[in-house]
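# Residue-level structural notes
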Amino acid sequence: LVNDLKAYNLCRAPFPGGHTNGLAWWESLAFSADRHPLKGLAITLLSIVPHAADVERLFSDMGSTQSLKCCNLSVNTFEGKYSIKYSLPWSSEGYS
């Protein structure tokens, strides 16, 4: 893997050229990931689909807490409330 990283960094064979779609480029290389483990690592990392659903859900849920009734909560109380809420077994099912 270390030798592959050095060759890739210097744009030396077997990693010449480039492509606008990184995943397609790595998949198109004519050698196996067994021979050059950097290829397998790159394909694995580029296949991950990023998303922020959990973070967006948390902010959505926190919106109900930021009301006139709860506007005086300290940061520690606010953090504690959501730490407890999201550690409960049914919290992942969307119950409030």
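Each remark here, short or long, concerns the structure printed above.
These notes cover the structure that comes with them. Bear in mind the structure is a predicted one, so any value in this text is a computation, not a measurement. (Residues numbered from 1 in each chain as written. Predicted model: local features only at pLDDT ≥ 70, side-chain atom pairs only at ≥ 80, totals over all residues. Heavy atoms only, no water.)

### Looking at the packing of aromatic side chains
To keep things clear, this is the line we draw: The pairing test for Phe, Tyr and Trp rings, Trp by its six-membered ring, is centres within 6.5 Å, and the orientation test on the planes gives stacked under 30 degrees, edge-to-face over 60, and tilted for anything in between. We count a stretch as a helix when DSSP gives it H or I for four or more residues in a row; a strand needs E for two or more, and each element gets its number in order from the N terminus. Accessible area is worked out with a 1.4 Å probe on protein chains only. A residue is then buried under 20% of its type maximum, exposed over 50%, and partly exposed in between. Two conditions define a charge located above a ring, namely a distance within 6 Å from the ring centre to NZ of Lys or CZ of Arg, and an angle within 35 degrees of the ring normal.
Per the stated rule, a full pass over the model turns up three aromatic pairs. Aromatic pair Tyr8 and Trp25: ring centres 6.2 Å apart, planes at 50 degrees, arrangement tilted. With Tyr8 in helix H1 (residues 2–9) and Trp25 in helix H2 (residues 22–28), the pair connects residues that are 17 residues apart, well separated along the chain. Assessed through its relative accessible area of 8%, Trp25 is described here as buried. Judged by its relative accessible area of 37%, Tyr8 falls in the partly exposed class. Counting every residue linked through ring pairs, the aromatic cluster contains Tyr8, Trp25 and Trp26. Above the face of the Phe31 ring, Lys39 is positioned so that its terminal group lies 5.5 Å from the ring centre.

### Let's talk about the nonpolar core
Applied cut-off: To define a nonpolar core, start from buried Ala, Val, Leu, Ile, Met, Phe, Trp, Tyr and Cys residues and group those joined through side-chain atoms within 4.5 Å. Contacts are assigned to residue pairs with any non-hydrogen atoms lying within 4.5 Å of each other.
Counting residues in each nonpolar core, the largest one holds eight residues, listed as Ala7, Phe15, Trp25, Trp26, Leu29, Phe31, Leu38 and Ala42. Mapped onto this core, the elements with two or more residues apiece are H2 and helix H3 (37–46). Look past the residues within four positions of Phe15 in its chain and what remains in contact with it is Asp4, Ala7, Tyr8, Trp25, Trp26, Leu29, Phe31, His36 and Leu38.

### A look at a nonpolar patch on the surface
The test is simple: Here, patches come from residues exposed beyond 30% relative accessible area and free of salt bridges, joined within 9 Å for like charges and within 5 Å for nonpolar side chains (Val, Leu, Ile, Met, Phe, Trp, Tyr). For the accessible areas, the method is Shrake-Rupley and the probe is 1.4 Å, while residue cover comes only from the protein chains on display. We count a salt bridge whenever a side-chain nitrogen from Lys or Arg sits within 4 Å of a carboxyl oxygen from Asp or Glu.
Together, Leu1, Leu5, Leu41, Leu45 and Ile48 line one region of the surface with nonpolar side chains, adding up to about 470 Å² of accessible area. Mapped onto the elements, Leu1 comes out in the segment before H1.

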